[in-house]
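Report on the structure
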Amino acid sequence: MSDELLTSLLRDVSRSFYLTLRVLPRAVRDQIGIAYLLARTTDTIADTEIVPVGSRLEALSALRRRIRGESGVALPFLKWQQPGGSEREQVLLARCEESVRLLEHLEEADRTRGREVLETIVGGQELDLKRFNGGSVERIVALKTWDELDDYTYRVAGCVGEFWTKMCRAHLIAGAEIDDKAFVEKGIRFGKGLQLVNILRDIPKDLRIGRCYIPQALLTQSGLTPQSLLLAENEGKFRPVYNQLLNAAKSHLAAGWEYTLLIPHEQMRLRLACAWPLLIGARTLERLRVENMLDANRRVKVSRAEVRGIMLRSVVLYPWQTLWQHQFNKEAQRGE
C-alpha cells in the first residue's frame, strides 16, 4: 500500500518534483515523499474553491491535529469531490488517512521533522486563506510589504529547504564538515527562490483569482495598483519592479547553488536532486526577463526536452568538478 502511495500517486501529483525525488538516495526518499504527499493534500484542501473558506480552514485545522498526533479521528473528504476537478487530487484527498499513517510509522526523529515542516506549511495556507478571503478579479488583494512576501515564501517553501537540510544532514552527511548555520540558511533561501520563481511566473493566473503576491509598497512606488497588472500594456511601467523581484529570486537561487556545492562530491544523487530544480529555475528567470509577464495568454515554461537536456548535462559533467560548478551561470545565460 505504501509503495503505491510513494510511487504512482506521488508521481501523479508531484509533476517535476518526482524526478528530483526519484534521484534522491533511498535513506531520505520516503521521508521527504511522505511530507510532500501531505503538503500536497493540505494545498488541495486550501485550493478547493467549491468549499467555503470557513470549511476549508476547519478541515486544515482538523488535518493539522491529525498530523500532530493529537487526534485519531479519520478525515473523510468525499464531500470535497468537485465536478471537473483533478482526478489525481481527488485520489490524494481520498487517501489522506493513509498518508498520515505513513508519517506516523516513521522513526521518531523523522516524524518530528515531518510534523514541524507541515505545521509551518499549513500555517501559511491558513494565513493565505484568511488574507485573500473575498478576493476576486474585481477585488484583488495584495500583500502589503516585502517582509510579508519574504514570510510567505518561507512558510510555503523556505521551510521545506530547512526540512530537507536537516533530513539529509541526519541520514546522508552527518559526518561532513559543513557550517550548519550557513547550510540551513542557504537551504531556506533555496526554497524561497524556487517559490519566488513560481510567483513571478504566475502573476496573471493569481490576479484572476483575486491574489497579488507583488507587495503593494513596491507597486505604489511605481504608480501601479494590483488591478493595473491585469493589463498587458502596463508591462513597461511594471518592469522595474519586476526586475527587482527577478534579481531577488536569482540571488536566492544562487545561494541554493552554493548550498549544493557544500554537499560532499561523493553524494552525487543528492547533489543532482538539488541541482535540477535550481538549473531549471535559473533558465526560467532569464526567460521571464524578456517576456511580457502580464500577458495572460503567455506562460513561460521550460520544455520537457530542455529539462531532459539540463538533467543529462548535469550527469555527464559530474566527473569534472570545475565544469559542473559553472552550470548555474551557464544555464541562466542560455535563457537570455
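The coordinates are above.
Residues numbered from 1 in each chain as written. Predicted model: local features only at pLDDT ≥ 70, side-chain atom pairs only at ≥ 80, totals over all residues. Heavy atoms only, no water.

**Quick word on the overall build of the protein**
Here is the rule: Secondary structure counts use DSSP, requiring at least four H or I residues in a row for a helix and at least two E residues in a row for a strand, with both numbered from the N terminus. Any residue under 20% of the maximum accessible area for its type is buried, any over 50% is exposed, and the rest in between are partly exposed; the area is computed with a 1.4 Å probe on protein chains only. We call two residues contacting when some pair of their heavy atoms lies within 4.5 Å. Surface accessibility follows the Shrake-Rupley procedure with a 1.4 Å probe radius. Residue values consider only the protein chains on display as shielding. Positive charges come from Lys and Arg alone, negative charges from Asp and Glu alone, with His and the N- and C-terminal ends not counted. Every charge is mapped to an atom, namely NZ of Lys, CZ of Arg, CG of Asp or CD of Glu.
Secondary structure summary: the protein contains 16 helices and two strands in total. Along the longest, intermediate and shortest principal axes, the C-alpha atoms of the protein span 55 × 50 × 35 Å. When each of the 336 residues of the protein is scored for burial, the buried share is 53%. Within the protein, contacts between residues at least 6 apart in sequence are counted, and of these 74% link residues at least 24 apart. Split by element, the accessible area of the protein, about 15,600 Å² in all, is 50% carbon and sulfur. Averaging the locations of the 49 positively and 43 negatively charged side chains of the protein gives two centres separated by 3 Å.

**Quick word on the packing of helix H7 (residues 108-131) against helix H8 (residues 146-171)**
Threshold: Convention adopted: a line fitted to C-alpha atoms gives each axis, helices being fitted over their contacting stretch, and angles between N-to-C directions are expressed from 0 to 180 degrees. Should an angle lie under 35 degrees it is considered roughly parallel, over 145 roughly antiparallel, and from 65 to 115 roughly perpendicular; all remaining angles are considered oblique. Asp, Glu, Lys and Arg are counted as charged, while Ala, Val, Leu, Ile, Met, Phe, Trp, Tyr, Cys and Pro are counted as nonpolar; the rest, among them Gly, fall into the polar class.
Two numbers describe how H7 lies on H8: the axes approach to 10 Å, and their chain directions differ by 170°. With respect to their mutual orientation, H7 and H8 come out roughly antiparallel. Contacts from Asp110, Arg113, Gly114, Val117, Thr120, Ile121, Gly123, Gly124, Leu127, Asp128 and Arg131 of H7 reach H8 at Glu148, Asp151, Tyr152, Tyr154, Arg155, Cys159, Val160, Phe163, Lys166, Met167, Ala170 and His171. Among the residues making up the contact of H7 with H8, the classes are represented as 10 nonpolar, five polar and eight charged.

**Section: the environment of Leu246**
Assignment of secondary structure puts Leu246 in helix H12 (residues 235-262). In this structure the C-alpha to C-alpha distance between Leu246 and Leu230, which are 16 residues apart in sequence, comes to 19 Å. Not counting chain neighbours up to four residues away, the residues in contact with Leu246 comprise Leu200, Arg239, Leu285, Leu288 and Arg289.

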